[in-house]
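# Descriptive analysis of the structure
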Amino acid sequence: AQTVTQSQPEMSVQEAETVTLSCTYDTSESDYYLFWYKQPPSRQMILVIRQEAYKQQNATENRFSVNFQKAAKSFSLKISDSQLGDAAMYFCASGEDSGGSNYKLTFGKGTLLTVNP
Amino acid sequence: EPEVTQTPSHQVTQMGQEVILRCVPISNHLYFYWYRQILGQKVEFLVSFYNNEISEKSEIFDDQFSVERPDGSNFTLKIRSTKLEDSAMYFCASNGGGAGEQFFGPGTRLTVL
């Protein structure tokens, strides 16, 4: 079974600054994927970034990047040039194959990010 | 851009009543999921569905829960006899297979009184 741990219940950052959200995970699978989802007050789940475990290169999406440390089972999210619209709950998630290309997601408890103007 | 839709957005029911939550996944997707999020807590996997049958279910998904794809477009979650602890946000998600992004619907907020 997978577990995902987010040790920071809340974080805050000044607008235009950089913030890093932490995530660690545990899995016995060799084939798995890691995700960061954003949940604004509307509670819609929005994918921020995705990382394949077999890829050594860290994923990047515009201002969002990850630091994937496979041996340490760590998957942190860095948000650069933070904007007010980045304020949300951020969930780290892992996905492993349940069989037949069926990937269920296991989520962490989330980190609430506040962006201060 | 295609999106997953869910209805209703908010459902209020009395304890013991049956509810059906509806989802329309993205049309060419093959894998469907239900997750739930109790207020203030993390999102939890309930069930996955592929090729008209359940692929995997969590321990939360007991005999009170069932899923169905009654036609080519809808994907439903039924709770036969709701309990107070079923109050939560229920998310439907779909993807085309593999570890591609799971696209989430906006959720149905279920309140059991």
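It should be noted that the structure appears before, not after, this text.
Model, not experiment: these values are computed from the prediction.

### Focus: the overall build of chain B
For chain B, the count of helices and strands is 0 helices and 11 strands. In terms of overall dimensions, chain B is globule-like: its C-alpha atoms have a radius of gyration of 13 Å, near the 13 Å expected for 113 residues. Its C-alpha atoms give chain B principal-axis dimensions of roughly 35 × 25 × 25 Å. Every one of the 113 residues in chain B was classed for burial, and the buried ones make up 46%.

### Some remarks on the interface of chain B and chain A
Taken together, the contact pairs 24 residues of chain B with 20 residues of chain A. Counting the surface lost from both chain B and chain A, the interface buries some 2000 Å², and carbon and sulfur atoms represent 53% of this. For the pair chain B and chain A, the number of links is 1 salt bridge. A salt bridge links Glu56 of chain B to Lys104 of chain A, with the shortest nitrogen-to-oxygen separation between them at 3.1 Å. Remark: the boundary between chain B and chain A carries 9 residue pairs in polar contact (both at pLDDT 80 or more). Elements with a contribution of two residues or more to the side of chain B that touches chain A: strand S4 (31-37), strand S5 (43-50), strand S6 (53-57) and strand S9 (88-95) of chain B. When residues in the side of chain B that touches chain A are grouped by element, the largest group, 4 residues, is from S4 of chain B. Per-class residue counts for the side of chain B that touches chain A are 11 nonpolar, 9 polar and 4 charged.

### A short note on the state of the cysteines
In total, this model carries 2 disulfides over all chains according to the counting rule given. Two residues, Cys23 of chain A and Cys92 of chain A, share a disulfide whose sulfurs are 2.0 Å apart. One disulfide, between Cys23 of chain A and Cys92 of chain A, carries an S-S torsion of -70° and so falls in the left-handed class. Here Cys23 of chain A, found in the loop between strand S3 (19-21) and strand S4 (24-26), pairs with Cys92 of chain A, found in strand S10 (residues 88-97); they are 69 residues apart in sequence, far enough to count as distant. Of the two residues, Cys23 of chain A and Cys92 of chain A, both sit in the buried class. Residue pairing for Cys23 of chain B: its cysteine sulfur links by disulfide to Cys92 of chain B, the two sulfurs lying 2.0 Å apart. What sets the handedness of the Cys23 of chain B and Cys92 of chain B disulfide is the S-S torsion sign, and at about -60° it is left-handed.

Rules used throughout
- Residues numbered from 1 in each chain as written.
- Chains lettered and ligands numbered in written order.
- Predicted model: local features only at pLDDT ≥ 70, side-chain atom pairs only at ≥ 80, totals over all residues.
- Heavy atoms only, no water.
- Helix = DSSP H or I, 4+ residues; strand = E, 2+ residues; numbered from the N terminus.
- Rg over C-alpha atoms; globule rule 2.2 N^0.38 Å.
- Buried < 20%, exposed > 50% of the residue type's maximum accessible area, 1.4 Å probe, protein only.
- Contact = heavy atoms within 4.5 Å.
- Buried area = accessible area lost by both parts, 1.4 Å probe.
- Salt bridge = Lys/Arg side-chain N within 4 Å of Asp/Glu carboxyl O.
- Polar contact = N/O pair within 3.5 Å; in protein donor to acceptor, adjacent residues only side chain to side chain.
- Nonpolar A, V, L, I, M, F, W, Y, C, P; charged D, E, K, R; others polar.
- Disulfide = S-S within 2.5 Å.

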